[in-house]
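So you can see what is in the structure, the chains are spelled out below.
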Amino acid sequence: MAENFPTQLPSGTSRPGIIPWKALIFSGVIFGMTFIVYLGLAFGYKPFIEASIANGEKRIAELDQTAPKAETEAKFIQFYSQLTNISSLLSSHTAVTPLFNSFEAKTMADIGFAGMAINVSGKTASMNGFARSYEALAGQLSIYESLSGISKIALSSARLADDFVRFEMKADFTPDFFKFTPAATAPIEQPIEQPIEQPASPPAATGTN
Amino acid sequence: MGSLLLIVGSLYVYSSLISPQLSALQELRGKRQATMALLSDYETAIQEKNRVISRYQSVETLQSVFDEVVPPDQNVPSLLNQLYGLAKLNDIFVDSVEFQEMSLQTTTSKSLVKPYGTIQANVKCSSDYAAMKNYLGAIETNVRLMNIRTVTVTEGFGDNPTLSYTITVEAYYLTE
């Protein structure tokens, strides 16, 4: 009877009981690894990241302490604003004295002015005055036309009154004519055409020269 | 049976412990990245700010000059004082001075630069021609920046004519 009992398993079959043990070890390893991963995440990586964030926030708080005070910043903003505005305003700073200097230098003695309206923004000037004669007035207009800062000169009216020619004229100036430059505002020492005395007893007259 | 329990246990550990941790970690990593980017930007900004402020502090003495040129407020009494003082220096009779506040300079909302405001002064005066010209020149070169906008000279009278004239001047100030 015992001789008939097979001592070896047929080839291609495994020993019963081995597979469950291997499966148990394998699943135990899987479980262990899963648990180790959890422990690593929960007690290793997560605290590391949290510490890193806390450190960053601490550094930001420290930087706040080194930042300039609000009062200093406000002062600086005011300073910077003033600097920028002054630069902008100086680039468009205007002067009207060059007009008087030019007219003083280029107005003949036979011409006098009684009134003047200067518009710096419009770059125009309206003038009224008197001339000793129509010839003098015509000569004066041609001189003004040749002035470098005047782009256009227009005679509005001219009429004879009390031996004088009363006139009204309008001058248009070049864009940069009223621009402030230290040299332009300095009085001209030697006028090109030295003005001489005003016409005798002009009617209620004043002049620029 | 034991293997099955361990596999189920592994799945349980993954789904109820690891998975929430991964979500939380994802969020924390995003937060850390944002904090580090903020720190880097902030550090650069503070360094730049400190550099600019230290340079400003070396020229802080100019502040008082700037306050004269474009004051931090309208300072109308000072403006009146300057216009009248310059007139007095040039023997000019000041008939009247009127002030008018003009519209503010426009600026973009993001601009750091505070805009400037404008006060217009109409000064009615009388003097001879030379004094008028000197007065205009003094206004043009005054420390408080002023721009003459119009000059209207009306007829004088007499042999030594006194001119009557109105000067429109714009002065500037820094707005809040």
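Note that the structure is predicted; figures quoted are calculated from it, not measured.

(A) Just the overall build of chain A, in detail. A count of helices and strands for chain A gives 5 helices and 4 strands. Starting at the N terminus and ending at the C terminus, chain A contains elements arranged as α-α-α-β-β-α-β-β-α. Across chain A, the fraction of contacts at a sequence separation of at least 24, relative to all contacts at a separation of at least 6, is 66%.

(B) Layout of helix α2 (residues 70–91) of chain A. Compared with an ideal rise of 1.5 Å per residue, which puts 22 residues at 32 Å, α2 of chain A spans 31 Å between its outermost C-alpha atoms and is within 8% of the ideal. When we look at burial in α2 of chain A, the residues that qualify are Phe76, Ser81, Gln82 and Asn85 of chain A. Here the buried face of α2 of chain A lies against α1 (2–58), α2 (62–69), β2 (116–127) and β4 (163–174) of chain B.

(C) Just the confidence of the model for chain A, in detail. All names here are of chain A. Put simply, chain A has an average pLDDT of 82, and 78% of its residues get 70 or more. In the model of chain A, helix α5 (residues 182–185) stands out as the element of lowest mean pLDDT, 66, in contrast to strand β4 (residues 164–173), which has the highest, 95. Scored below 50 in pLDDT, residues 188–209 shows 53 contacts in the model against residues more than four places distant or in partner chains.

(D) Structural view of the nonpolar core. By size, the foremost hydrophobic cluster in this structure holds 55 residues, and its most contacted members are Val96 of chain A together with Ile148, Val151 and Val169 of chain B. The element contributing the most residues to this core is β4 of chain B, with 8 residues.

(E) Spatial organisation of the interface of chain B and chain A. Tallying the contact residues gives 59 residues for chain B and 59 residues for chain A. Where the side of chain B that touches chain A is concerned, the elements lending two or more residues are α1, α2, α4 (129–140), β3 (146–154) and β4 of chain B. With 28 residues, the top contributor of residues to the side of chain B that touches chain A is α1 of chain B. Looking at the side of chain B that touches chain A residue by residue, the classes come out as 34 nonpolar, 15 polar and 10 charged. Sheet analysis places strand β1 (residues 111–119) of chain A next to β3 of chain B, joined by 4 bridges and oriented antiparallel. By the bridge assignment, Met116 of chain A is partnered in β3 of chain B with Val153 of chain B.

(F) Spatial organisation of the sheet that holds β2 of chain B. Sheet architecture is open: 8 strands sit in the order β3(A)-β4(A)-β2(A)-β1(A)-β3(B)-β4(B)-β2(B)-β1(B), paired in antiparallel fashion. The strands lining the two open edges of the sheet, one partner per strand, are β3 (150–161) of chain A together with β1 (93–101) of chain B. Taken over all neighbouring pairs, the strand axes of this sheet differ in orientation by 20° on average, direction set aside. Its contacts with the sheet place α2 of chain A against β2 and β4 of chain B, and it is angled at close to 145° to β4 of chain B. Most of the contacts of α4 of chain B go to β3 of chain B, to which it runs at about 165°, and overall it touches β2, β3 and β4 of chain B.

(G) Highlighting the confidence of the model for chain B. Residue and element names in this part refer to chain B. Per-residue pLDDT for chain B has a mean of 89; in total, 93% of the residues score no lower than 70. Per-element mean pLDDT across chain B ranges from 90 in α2 up to 95 in helix α3 (residues 76–89). For this predicted complex, the interface confidence comes out at an ipTM of 0.78, alongside a pTM of 0.72.

Cut-offs and rules
Residues numbered from 1 in each chain as written. Chains lettered and ligands numbered in written order. Predicted model: local features only at pLDDT ≥ 70, side-chain atom pairs only at ≥ 80, totals over all residues. Helix = DSSP H or I, 4+ residues; strand = E, 2+ residues; numbered from the N terminus. Contact = placed C-beta atoms within 7 Å. Expected span 1.5 Å × (residues − 1). Buried ≥ 20, exposed ≤ 12 C-beta atoms within 10 Å, placed from the backbone. pLDDT = per-residue confidence, 0-100. Core = buried A, V, L, I, M, F, W, Y, C linked by C-beta atoms within 7 Å. Nonpolar A, V, L, I, M, F, W, Y, C, P; charged D, E, K, R; others polar. Pairing = 2+ DSSP bridges. Axes fitted to C-alpha atoms, helices over the stretch in contact; angles between N-to-C directions.

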